Amino acid sequence: FAINMDQLQLGEELGSGAYGTVKRVLHRPTNVAMAMKEIRLELDNTKLNAIIMELDILHRAVHSSIVEFYGAFFIESCVYYCMEYMDAGSLDKLYGVGVPEPVLGRIVYFMVKGLKFLKDEMQIIHRDVKPTNILLNKKGDVRLCDFGVSGQLEKSLAKTNIGCQSYMAPERIKGESQNALSTYTVSSDVWSLGLATLEIALGRYPYPPETYSNVFAQLTAIVHGDPPELPDSYSEAARDWVNRTLVKRPESRATYAELLSHPFLLEDAQRQVDMQGWVARALQWRDAKRQERIRKQEQEHQHPV
Ligand code: ATP
Ligand code: MG
């Protein structure tokens, strides 16, 4: 069946990114809660149609580590994209001061499974692996979203700003300046996966803004500096796993098969991890922080300095 706007009851905003906003919606005919992403594009109808057609292959991307796709449509110059609603939101708002190693292992396992599925079964390179694109639900499921399936959409989302947190592999940062899109291979995703893993473990982006005064300094550090590492408090296996992803030469980086059979993920398979319990605690922490922020804003409003 094809989804259209008339069937949707709009709910609250879940967040917004560089290209648009994501809202919770209810699909009335089926009573399914969905997340709807609105992407504003100044394109003609032929191009918008091409994007909708390219997105259609997402119907085949059915996997426990991939956010389910329900359909897309366009109205005027906006593309609307409907996907599974993940009721714990994205990992960037849940990791707090960093996640414990068993939880890290489980999250990483689901991510590698999802990325390997996309590559092997769909011939898709993700291209945007980062904590905001890793979604969780209260059952403890971990799923990836926002991977690049539509060439036309990618082209239209011309990167206006690189942003202050880059997950791009060194070869991509270098390629970008030579305007070479072909430098992107599946191993570039492995770098982003490693950087995201490190961020989830540390509870902060691994190239801290305090150290690098501007985006250029940060990108220079990624290309020319030593790759960041997990601290000593993590197991040897976990540290080695991250080291195998954050290798500067793309040819020498680990493959998904290697990452799955690495001791870190073999240990993970032996453990019982209460993901549901961890998500519940992470949500409490996230919502307490939100309340605190709102209170502060109200105080500042009442007593302006
Ligand atoms: P960027 O624009 O750099 O890609 P982003 O990934 O945060 O950043 P969006 O993809 O527009 O931007 O998503 C905005 C926010 O909406 C996300 O950070 C996430 O918290 C929330 N979100 C996105 N998809 C869903 C979903 N399916 N279920 C629940 N929350 C979602
Ligand atoms: Mg996103």
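Going by the structure above, here's the rest.
Keep in mind that what you see is a predicted model, and the values were worked out from it rather than measured.

## A look at the environment of Leu-55
Checked against the element boundaries, Leu-55 lands in helix H1 (residues 45-55). Linking Leu-55 and Gly-151, residues 96 residues apart in sequence, is a C-alpha distance of 9.7 Å. Setting aside chain neighbours within four positions, we find Leu-55 in contact with Ala-72, Tyr-81, Val-149 and Ser-150.

## What about the nonpolar core?
Counting 69 residues, the largest nonpolar core has Cys-82, Met-83 and Met-111 as the members making the most contacts within it. Looking at this core, the element that brings in the most residues is helix H2 (residues 101-122), giving nine residues. Ignoring anything within four residues of it in the chain, the contact list for Cys-82 reads Ile-3, Met-34, Met-36, Tyr-70, Gly-71 and Ala-72.

## Thoughts on the sheet that holds strand E7 (residues 134-136)
Spatial ordering of the open sheet is given by E6-E7-E8, a layout of three strands whose pairing is antiparallel. If you trace the sheet from one side to the other, it starts and ends with strand E6 (89-90) and strand E8 (142-144), each paired once. Note: E6 against E7, two bridges, orientation antiparallel. Note that in E7 the partner of Gly-89 across the bridge is Leu-136. Across the sheet, H2 touches E7 and E8, and the angle it forms with E8 is around 35 degrees.

## Examining the site of ligand 1
If you check the shell around ligand 1, you find 22 residues, and the closest are Gly-15, Gly-17, Ala-35, Ser-90 and Thr-132. Secondary-structure elements contributing two or more residues to the shell around ligand 1 are strand E1 (8-16), strand E2 (20-27), strand E3 (32-40), strand E5 (78-84) and E6. With three residues, E1 is the single largest residue contributor to the shell around ligand 1. Residue composition of the shell around ligand 1, by class: eleven nonpolar, eight polar and three charged.

Each value, and the rule that gives it
Residues numbered from 1 in each chain as written. Chains lettered and ligands numbered in written order. Predicted model: local features only at pLDDT ≥ 70, side-chain atom pairs only at ≥ 80, totals over all residues. Helix = DSSP H or I, 4+ residues; strand = E, 2+ residues; numbered from the N terminus. Contact = placed C-beta atoms within 7 Å. Core = buried A, V, L, I, M, F, W, Y, C linked by C-beta atoms within 7 Å. Buried ≥ 20, exposed ≤ 12 C-beta atoms within 10 Å, placed from the backbone. Pairing = 2+ DSSP bridges. Axes fitted to C-alpha atoms, helices over the stretch in contact; angles between N-to-C directions. Near = placed C-beta within 6 Å. Nonpolar A, V, L, I, M, F, W, Y, C, P; charged D, E, K, R; others polar.

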